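Chain residues, written in single-letter form:
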Amino acid sequence: MNIVVCAKQVVDVGEIKVNPSTNKPVLEGIPKKISDIDKNAVEEAIRIKEKLGGKITVMTVGPPDAKDKMKELLAMGADEAVLIPRPQGADYHIVSKLLSKGIKKLGDVDLVLCGEASIDMFSGQVGPRIAGFLDWPQLTYSFKVEAEAGKVKACRNMGDRMVVTEASCPAVLTVTKEINEPRLPSLMQILGSARKPIHDWTVSELGMDGETARVLERDLRGVKMERKNIVFKDDLDEAVAQLAERLAKEGLLG
Amino acid sequence: MPRDWPKRAFWGDIMVVVYSDLKRNGFELLSKARELADKRGNKVCAVVIGKDAGTQAQEYIQRGADMVIVTGSSMEHFNAEDVSDILEVVVKEERPEIVLIASTKDGKELAPRLASKLDAGCISDANKIYVDGDSILAERVVYSGNGIAVEQFGSFPGIITVPGKAFDPLPIDPGRTGEVVNRDIVLKQQRSSIVDVQKMVSEGVNVEEAEKIVSCGRGFKKSDDLKLIEELARVMNGNTLGCSRPIAADLKWLSEDHWVGLSGHKVKPKLYIACGISGQIQHVAGMRDSGIIVAINKDADAPIFNSADYGIVGDLYQVIPKLIEAIRQKM
Ligand SMILES: Cc1cc2nc3c(=O)[nH]c(=O)nc-3n(C[C@H](O)[C@H](O)[C@H](O)COP(=O)(O)OP(=O)(O)OC[C@H]3O[C@@H](n4cnc5c(N)ncnc54)[C@H](O)[C@@H]3O)c2cc1C
């Protein structure tokens, strides 16, 4: 079974600060990582491959420095990777279409796996958009997946209900964080990943030159959270008395 | 097609997509659609999909729609493949400027699939939508609550998904009239099929409207220990429990209606007490609009203290019983 995992490099949102003078989130100089749930998608792909054989290709639309982080996915067990540059101002339309065209170019793909959403924007658009563009079935929010030759079945968390959906391949799956525990590669695997190829594909070879974004960002405002940050410790009786006192003063114990 | 509404050559109107089983969401979308359409001199078209869709058409008109298209009534269960195929046809015929869809998980998997079929833009989870000059702008929370992105469409139609309770429904206006159109669209043979649907266990709590929430995380060692926070909630007269994702999603100690955070519920109680919750940004994203935030955690370096007004560093198994006692005396 040949699997493509779409993985995104994101800024570590936990490290973002808001610049008080511009009131904008500072995104430069923040550590980057592969979006958490995309690693769950890679892990699931590896488990399917362990059962059914085949090849795993990681595909990323992103900046050149994403390659370092993509190596982590190769070390986990993906076989090769494709990096497609992210055009300036690209929206989900452009990113998903680039990935869809990349999947077509790769050819002979049975499954596409994505995380349910990336942790920076948390829109969850890429998986369903790829499925729509390719007109493939989509099994979103999967927390349990069973693949066999030519077909796949998933238990899906749809919030108010659990849905079991079956599809014939090719299909797109998006997975939740609960589906598995992504493995940590061994030192040998990390060293070995250096030999695995990361291909650079261009926007023009995918026929996407001049494609215009459908959504434009007009502004990005920072949201600061001001809290009192009063912490009581050591003497717990005293701490609890203090806290109860404060809560009463705030009128919260009525 | 029995209708005298002219087919439009331009992109206008606001379309609202409603599933027949999610009425309240539909009413909220209709009220926003009505506001936008009135400002633009356009009409509001509701597309009602699913079993028994037709029976509710009049109510959608009374809640703000000028036209209701009833379709997909043969569909047994919601599935994004069929619904996006139906909407692709409807949107191409009606040419709305904006399509509003609820940000339920169904809506969140439907909207982008539909968008890609229409080569359209899609803005997810917009909690503000307004007219600004010639454009319609949408705002949404990004970077786990650190930012608000203001976005605009570069082409029509534009699809927006809207979280629950972002807008208040309009009251019923029995005098409103409108047109109901039945539109049967032949469904394709899909390569996927639903083999089972089970209702998730739900304890029927509504954390989003709670005034006081006592919330638990993995600091609790076993589900039985949640009695502690139940008791705390009780003495505070705010018996709503919240929790972090692992408590609902992995351990399943509480149902998902308690789950607070980026991927769970967004809450804004007057008081939020986080017990044994580390305070990762994805959790904080769901409760950062709370009035007063209290943290109880044994690790003085836990990030939750940065997001808290008051904190106690200590073992929750010792702190909570003491706190229950102290509060009992104050009440
Ligand atoms: C895309 C994405 C979406 C997510 N969405 C959400 C979401 O919606 N909601 C959410 O909550 N999380 C979400 N998460 C997960 C989030 O990142 C954290 O992993 C999660 O919130 C941690 O839960 P926790 O605080 O209960 O557990 P932990 O992080 O394990 O923290 C447990 C805390 O309990 C403390 N503790 C332990 N024992 C005691 C004791 N005896 N007394 C006092 N304190 C004690 C520890 O010091 C620790 O701080 C998401 C993650 C991702 C990647």
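The structure this text deals with has already been given above.
About the cut-offs
Within each chain, residues carry numbers counting from 1 in the order of the written sequence. By the order in which they are written, chains take letters starting at A while ligands take numbers starting at 1. Only residues with pLDDT of 70 or above have their local features reported here, since the model is predicted, and side-chain atom pairs are shown and tallied only from 80 upward, although totals for entire chains, interfaces and linings are computed over all residues. Computation of side-chain values covers all heavy atoms of the structure but excludes hydrogens and water. Only residues whose relative accessible area exceeds 30% and that form no salt bridge enter a patch; like-charged residues are grouped when within 9 Å of one another, and nonpolar side chains (Val, Leu, Ile, Met, Phe, Trp, Tyr) when within 5 Å. Accessible surface is estimated by sampling points in the Shrake-Rupley manner with a 1.4 Å probe; for residues, cover comes only from the protein chains shown. A pair is scored as a salt bridge if a Lys or Arg side-chain nitrogen falls within 4 Å of a carboxyl oxygen belonging to Asp or Glu. A run of H or I in DSSP becomes a helix once it reaches four residues, and a run of E becomes a strand once it reaches two; helices and strands are each numbered from the N terminus. Accessible area is worked out with a 1.4 Å probe on protein chains only. A residue is then buried under 20% of its type maximum, exposed over 50%, and partly exposed in between. Think of each axis as a best-fit line through the C-alpha atoms, taken over the contacting stretch in the case of a helix, with angles from 0 to 180 degrees between the N-to-C directions. Just so you know how the angles are binned, under 35 degrees is roughly parallel, over 145 roughly antiparallel, 65 to 115 roughly perpendicular, and the rest oblique. The sense of a crossing depends on the near helix, which, turned anticlockwise from the far helix by less than a right angle, makes the crossing left-handed and, turned clockwise, makes it right-handed. Contact definition: two residues touch when any of their heavy atoms are within 4.5 Å. Classification convention: Asp, Glu, Lys, Arg as charged; Ala, Val, Leu, Ile, Met, Phe, Trp, Tyr, Cys, Pro as nonpolar; all other residues, Gly among them, as polar. It suffices for a single heavy atom of a residue to lie within 4 Å of a molecule or strand for the residue to be listed as near it. In the analysis that follows, any N or O atom pair within 3.5 Å is treated as a polar contact, provided that within protein one partner can donate a hydrogen and the other can accept it, and provided that, for residues neighboring in sequence, both atoms belong to side chains.

Undergrad: Mind showing me how you'd approach a nonpolar patch on the surface here?
TA: All names here are of chain A. On the surface, Leu187, Met188, Ile190 and Leu191 cluster together into a nonpolar patch covering about 460 Å² of accessible area. By secondary structure assignment, the location of Met188 is in helix H5 (residues 187–193). A relative accessible area of 65% places Met188 in the exposed class.

Undergrad: I'm lost on the packing of helix H1 (residues 36–52) of chain A against helix H2 (residues 66–76) of chain A in this one. Help?
TA: Residue and element names in this part refer to chain A. Between H1 and H2, the shortest axis-to-axis distance is 10 Å and the interhelical angle comes to 25°. One element, H1, and the other, H2, form an angle in the roughly parallel class. The hand of the H1/H2 crossing is right-handed. The residues of H2 that touch H1, namely those facing Lys39, Val42, Glu43 and Ile46, are Glu72, Leu73 and Met76. Across the contact of H1 with H2, the residue classes tally to 4 nonpolar, no polar and 3 charged.

Undergrad: Is there a simple way to think about the site of the ligand in this case?
TA: The local shell around the ligand holds 30 residues, among which Arg218, Ser244, Ser263, Ser278 and Gln282 of chain B are the closest. Mapping the residues near the ligand onto chains gives chains A and B. Ser278 of chain B places a side-chain nitrogen or oxygen 2.7 Å from an oxygen atom of the ligand. Here the ligand has 980 Å² of accessible area as a free molecule, and 88% of this is covered by the chains. Taken together, the elements giving at least two residues each to the shell around the ligand come down to H1 of chain A together with helix H6 (245–250), helix H7 (281–287) and helix H8 (316–330) of chain B.

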